[in-house]
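Letter by letter, the chains look like this.
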Amino acid sequence: MPSSETPLFSDEPTEPAYVTVAKVGDIPEGEGRAFAVGKRMVAVFLSQGKYFAIDDFCPHQGASLAEGYVENCAVACPWHHWRFSIEDGSWLDNPKISIDTFRVRVMNGNIQIQEPVEASPKPDQDG
Ligand code: FES
């Protein structure tokens, strides 16, 4: 019997794979750690017993958000204190702007992140 990740038809899109980045216990409560997942750096946080994963790259000047201060479901960038939701990636001072979030799960004691899907190149608009 095919697994839930096996497509019935060969041209059916498959879900991106999950990648193990750490073991449960490697990230202390209220802290974050950065991991390479595919071509991205992903900040993984443990807050109130739940794991969250967002882009590690602060859009202001590029600090590692994994090194920021976590309070409830927000992280403050360690350089200039822009605050982002670790739940949905929104910049809390201007929620119209947000950074990427990633699916995270725990399987057999491993913290896993779903591989980011890279956007396909945009078609050439000049013809
Ligand atoms: S680099 Fe993050 S707030 Fe400036």
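Residues numbered from 1 in each chain as written. Predicted model: local features only at pLDDT ≥ 70, side-chain atom pairs only at ≥ 80, totals over all residues.

**Remarks on the overall build of the chain**
Argument step 1. Scanning the chain for helices and strands turns up 0 helices and 10 strands.
Argument step 2. Starting at the N terminus and walking to the C terminus, you meet the elements of the chain as β-β-β-β-β-β-β-β-β-β.
Argument step 3. Buried positions account for 23% of the 127 residues belonging to the chain.
Argument step 4. Sequence separation of at least 24 residues holds for 41% of the intrachain contacts in the chain that already meet a minimum separation of 6. (Helix = DSSP H or I, 4+ residues; strand = E, 2+ residues; numbered from the N terminus. Buried ≥ 20, exposed ≤ 12 C-beta atoms within 10 Å, placed from the backbone. Contact = placed C-beta atoms within 7 Å.)

**What about the sheet that holds strand β3 (residues 40-47)?**
Argument step 1. Spatially, 4 strands are ordered β2-β3-β4-β8 in an open sheet, and the strand pairing comes out antiparallel. Every interior strand has two partners, whereas the edge strands, β2 (31-37) and β8 (101-102), have only one.
Argument step 2. As paired strands, β3 and strand β4 (residues 50-55) are joined by 6 bridges and run antiparallel to one another. Bridged to Ala43 within β4 is Ile54. (Pairing = 2+ DSSP bridges.)

**Topic: the environment of Gly49**
Argument step 1. In this structure, Gly49 sits in the loop between β3 and β4.
Argument step 2. Using a count of 6 C-beta atoms within 10 Å as the deciding quantity, one classes Gly49 as exposed.
Argument step 3. Gly49 sits 19 residues away from Gly30 along the chain, and the two C-alpha atoms are 8.8 Å apart.

**Observations regarding the sheet that holds strand β5 (residues 69-71)**
Argument step 1. The strand order across the open sheet formed by 3 strands is β5-β6-β7, and the pairing between neighbours is antiparallel. Looking at the sheet topology across the chains shown, the edges are occupied by β5 and β7 (83-85). Geometrically, the sheet is characterised by an average inter-axis angle of 25° between neighbouring strands, direction not taken into account.
Argument step 2. As judged from the 3 bridges shared by β5 and strand β6 (residues 74-76), these two strands associate in the antiparallel manner. Considered in β6, the bridge of Glu71 is made with Ala74. (Axes fitted to C-alpha atoms, helices over the stretch in contact; angles between N-to-C directions.)

**Here's the deal with the nonpolar core**
Here is a general trend for soluble globular proteins: nonpolar side chains tend to be buried in one another's company.
Argument step 1. In this structure, Val42, Ala43, Val44, Phe45, Ala53 and Leu65 are the most contacted members of the largest nonpolar core, which totals 24 residues.
Argument step 2. At 5 residues, the largest contribution of residues to this core is made by β3. (Core = buried A, V, L, I, M, F, W, Y, C linked by C-beta atoms within 7 Å.)

**A look at the environment of Cys77**
Argument step 1. Take Cys77: it is sitting in the loop between β6 and β7.
Argument step 2. Residue Cys77 is classed as buried on the basis of its C-beta count, with 21 C-beta atoms lying within 10 Å.
Argument step 3. Spatially, the C-alpha atoms of Cys77 and Glu67 are 7.4 Å apart, while their sequence positions differ by 10 residues.
Argument step 4. Residues within four places of Cys77 in sequence aside, it is in contact with Cys58, His60, Ala63, Leu65, Gly68 and Trp82.

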